[in-house]
Amino acid sequence: KILILDFGSQYTQLIARRVRELNVYCEIHPFSKFEITPDVKGVILSGGPCSVLDEGSPDMDMEELGELPVLGICYGAQLLVKKNGGTVAKSNHREYGRANLKTVDSHFDLLKEIEIGSQVWMSHGDTITNLPDKFQLISATESIPVAAYKIEGKPVYGIQFHPEVTHTTQGKIVLRNFVVHICGASQDWTPDIFVEETVANLKKQLGDDKVVLGLSGGVDSSVAAMLIHQAIGKNLYCIFVDNGLLRKDEFEGVLKSYEGLGLNVKGVDAKSRFYDELKGASDPEKKRKIIGRVFIEVFDEEAKSIKDVKWLGQGTIYPDVIESVSVNGPSVTIKSHHNVGGLPAKMNLKVVEPLNTLFKDEVRNVGRSLEIPDFILGRHPFPGPGLGIRILSDITPEKVRILQDVDAIFINGLKEEGLYDEVWQAGAMLLPVQSVGVMGDERTYENVVALRAVASLDGMTADWVHLPYEFLGRISNKIINQVKGVNRVVYDISSKPPATIEWE
Ligand code: XMP
């Protein structure tokens, strides 16, 4: 495997994604906390927001890497230079954006096949002005004297541009040169092999033990369930809770499809319990907490009825477990997303998380390899608290009914008109606002709903989608004509940041 040591760059996960696109397994660890195991074939030092010139900036002992091949990117490259006696200086202008390689010495393996003039992406405030002895220059751009270098006689390289971002047009080749040719890492990290190895390991780990797992209808829990199911069959007990905040007909539909996959799944109708507990609560975080707590209670009761269950299966994915390097202090909680985070502690079960090394798109690929149908794998993300955070203010069964009907018209419309897959996430919000309308000769005073559709990669940032006006017009007519209680539809045209995807 390849080890990526994180110095806090916003691109670190992207480096990992690119390495894995080469079918090479890699892991991200903080620069200050890692272990060199015999299977490590090479190390990548990430960029970072700090300056090597600042007192107390992130530093590490390179001796720990032994003779392994090393690629320093940006901060990593500057750190290697500074530690070996070269000069890094504040650059007059921040080097940010596109640049072109003016010289390329392709004798060195790192830049083999890279063309002169090739576009690269720069993002740094400091720059290398003087290389230490024994450092060989391999590339420069118009404005920076050192775009890439190698340490003589050692497989240690540094580059000041970012090969992981797509604006570096030949970046993939640079990473391949390093990972495959210089490190000699094997390109055998494929979904099929992952399934084979994971199922074999789960068999060993779980033996004849029983596992309980909460299905949500989403991609992650479904793929996790299928992997564990392949390993232990009927000893996997799945629980699917209807919290009364799911999409229209979702409970029945999803339950059926899980049964079709051969899963041993129990549907639990807890609608009224959730509605009772939520009565009168209107603060978003309070609603999240209630929904999370009641879910745990219901799940716990169900799990207790399974005799001798030892494990809790979870669909946790890699971005949730990567230890982040915080160089700018702790970040504030905008929303408490991990609504089922309290489960393992409360239940006294061992946890099994077969997806905790995978990125989201890899989970989908593994799902395909497991032959999980596309309508499960292609689903938009849906928040754990469901419609509970799309009904602004307090929740009643009547409001749920209205929003389910609105949401179904919108989502089905997207599917019918071939727009569903172009959108990362879509849904409707029921606003705590009444507006005046006219229906025939009658005055109406009814609810307003907002439609939202966003494009995103990971939910961290998002753009509103420019859905065709004609489509929005048809959907609006349908909603107002068919859903009793709604007389006005608006479309949300805010991006994240500064807005968020959900309204609560
Ligand atoms: P925001 O609204 O923070 O949403 O821009 C980003 C992504 O997270 C989902 N989301 C949640 N998921 N529990 C969840 O499991 C939550 O409490 C929660 N709140 C937001 C949201 O749907 C979007 O995909």
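Conventions adopted
Residues numbered from 1 in each chain as written. Predicted model: local features only at pLDDT ≥ 70, side-chain atom pairs only at ≥ 80, totals over all residues. UniProt positions renumbered as here; feature names shortened; annotations may be inferred. Helix = DSSP H or I, 4+ residues; strand = E, 2+ residues; numbered from the N terminus. Buried ≥ 20, exposed ≤ 12 C-beta atoms within 10 Å, placed from the backbone. Contact = placed C-beta atoms within 7 Å. Near = placed C-beta within 6 Å. Nonpolar A, V, L, I, M, F, W, Y, C, P; charged D, E, K, R; others polar. Axes fitted to C-alpha atoms, helices over the stretch in contact; angles between N-to-C directions. Parallel < 35°, antiparallel > 145°, perpendicular 65-115°, else oblique. Left-handed = near helix turned anticlockwise from the far one by under 90°. Domains from an automatic or database assignment. Pairing = 2+ DSSP bridges. Expected span 1.5 Å × (residues − 1). Core = buried A, V, L, I, M, F, W, Y, C linked by C-beta atoms within 7 Å.

- As recorded in an unreviewed UniProt entry, the chain goes by the name GMP synthase [glutamine-hydrolyzing], listed as coming from Ekhidna lutea.
- Entered under Function (unreviewed entry) in the UniProt record, the comment concerning the chain runs "Catalyzes the synthesis of GMP from XMP."

### Brief notes about the overall build of the chain
- If you tally the helices and strands in the chain, you get 14 helices and 18 strands.
- With the C-alpha coordinates of the chain rotated into their principal frame, the extents come out at 85 × 60 × 40 Å.
- For the chain, with 504 residues in total, the buried portion stands at 38%.
- Here the contacts in the chain between residues at least 6 apart in sequence split such that 75% fall between residues at least 24 apart.

### Focus on the site of the ligand
- As a structural note, the neighbourhood of the ligand is formed by 15 residues, with Pro383, Gly384, Thr500, Ile501 and Glu502 the closest of them.
- Within the shell around the ligand, the residues separate by chemical class into five nonpolar, six polar and four charged.

### Points about unusual backbone geometry
- Here the residue pair Lys496 and Pro497 is connected by a cis peptide bond, since its omega of -15° sits within 30 degrees of zero.
- Mapped onto the fold, Pro497 is located in the segment after strand 18 (486-491).
- The omega torsion of the bond from Pro497 to Pro498 falls at 10°, within 30 degrees of zero and hence cis.
- On the secondary structure map, Pro498 appears in the segment after strand 18.
- We note that Lys134 has phi near 70°; this positive angle belongs to a residue other than glycine.
- Tracing the chain through its elements places Lys134 in the loop between strand 6 (119-130) and strand 7 (135-141).
- Its 12 C-beta neighbours within 10 Å are what place Lys134 among the exposed residues.

### Some words on the UniProt feature "binding site: ATP" (unreviewed entry) in the chain
- The feature "binding site: ATP" (unreviewed entry), as given by UniProt, occupies Ser216, Gly217, Gly218, Val219, Asp220, Ser221 and Ser222 in the numbering adopted here.
- Relative to the helices and strands, Gly218 is located in the loop between strand 10 (210-215) and helix 5 (219-232).
- Apart from residues lying up to four places away in sequence, Gly218 is in contact with Arg379, Pro381 and Phe382.
- If near-sequence neighbours (up to four positions away) are discounted, Asp220 is found in contact with Gly315, Ile317, Leu355 and Val363.

### Side note on the packing of helix 5 against helix 11 (residues 360-369)
- Running from N to C, helix 5 and helix 11 point in directions that differ by 45°, and their axes come no closer than 10 Å. Put simply, helix 5 runs oblique to helix 11. For the crossing formed where helix 5 meets helix 11, the hand is left-handed. On the side of helix 5, the interface is formed by Val219, Asp220, Ser222 and Val223, while helix 11 contributes Val363, Arg364, Val366 and Gly367.
- Class assignment of the residues belonging to the contact of helix 5 with helix 11 gives a composition of four nonpolar, two polar and two charged.

### Notes on the packing of helix 4 (residues 191-206) against helix 11
- Put simply, helix 4 and helix 11 touch, their axes get as near as 9 Å, and they point 75° apart. As judged from the angle between their axes, helix 4 and helix 11 are roughly perpendicular. Facing helix 4, whose interface residues are Pro191, Asp192, Phe194 and Val195, helix 11 presents Asn365, Val366, Arg368 and Ser369.
- Its residues assigned to classes, the contact of helix 4 with helix 11 shows four nonpolar, two polar and two charged.

### A look at the domain arrangement of the chain
- Parsing the chain into structural domains produces domain 1 (2-182), domain 2 (191-377) and domain 3 (391-491).
- Here the C-alpha centre of domain 3 lies 47 Å away from the C-alpha centre of domain 1.

### Describing the environment of Ile138
- Relative to the elements of secondary structure, Ile138 occurs in strand 7.
- Note on Ile138: 24 C-beta atoms within 10 Å, which makes it buried.
- For Ile138, the contacting residues outside a window of four places in its chain are Asp105, Phe108, Leu110, Leu111, Ala148, Tyr149 and Lys150.

### So, helix 11
- Taken residue by residue, helix 11 has Glu362, Val363, Arg364, Val366 and Gly367 as its buried positions.
- Check the buried side of helix 11 and you find it contacts helix 1 (12-21), helix 4, helix 5 and helix 12 (374-377).

### Observations concerning the pairing of strand 7
- As judged from the four bridges shared by strand 7 and strand 8 (residues 148-151), these two strands associate in the antiparallel manner. Paired with Gln136 across the strands is Lys150, a residue of strand 8.

### As for the sheet that holds strand 14 (residues 350-352)
- Across the sheet, which stays open at both edges, the five strands sit in the order 12-11-10-13-14 with parallel pairing between neighbours. Whereas interior strands pair on both sides, the edge strands pair on one side only; in this sheet they are strand 12 (265-269) and strand 14. Put simply, the sheet's adjacent strands are angled 30° from each other on average, direction ignored.
- Two strands pair when backbone bridges link them, and strand 11 (residues 236-242) and strand 12 are joined in this way by five bridges, in the parallel orientation. Residue Ile239 lies in a different strand from strand 12, and its bridge partner there is Lys266.

### Considerations on helix 5
- Between its first and last C-alpha, helix 5 extends 20 Å over 14 residues, near the 20 Å set by a 1.5 Å rise per residue.
- Once helix 5 ends, the next one or two residues include Gly233, with phi positive near 55°.

### Regarding the nonpolar core
- Judged by nonpolar contacts, the single largest core of 70 residues is most densely connected at Ile228 and Val406.
- The dominant element in this core, judged by the number of residues it contributes, is helix 5, at nine residues.
- Counting contributing residues, this core receives three or more from each of domain 2 (191-377) and domain 3 (391-491).
- Once you skip the residues sitting within four places of it in the chain, Ile228 turns out to touch Leu202, Val211, Leu213, Leu236, Gly313, Val352 and Pro354.
- Among the nonpolar cores identified, the runner-up in size contains 56 residues, and Tyr11, Ile73, Tyr157 and Ala185 belong to it.

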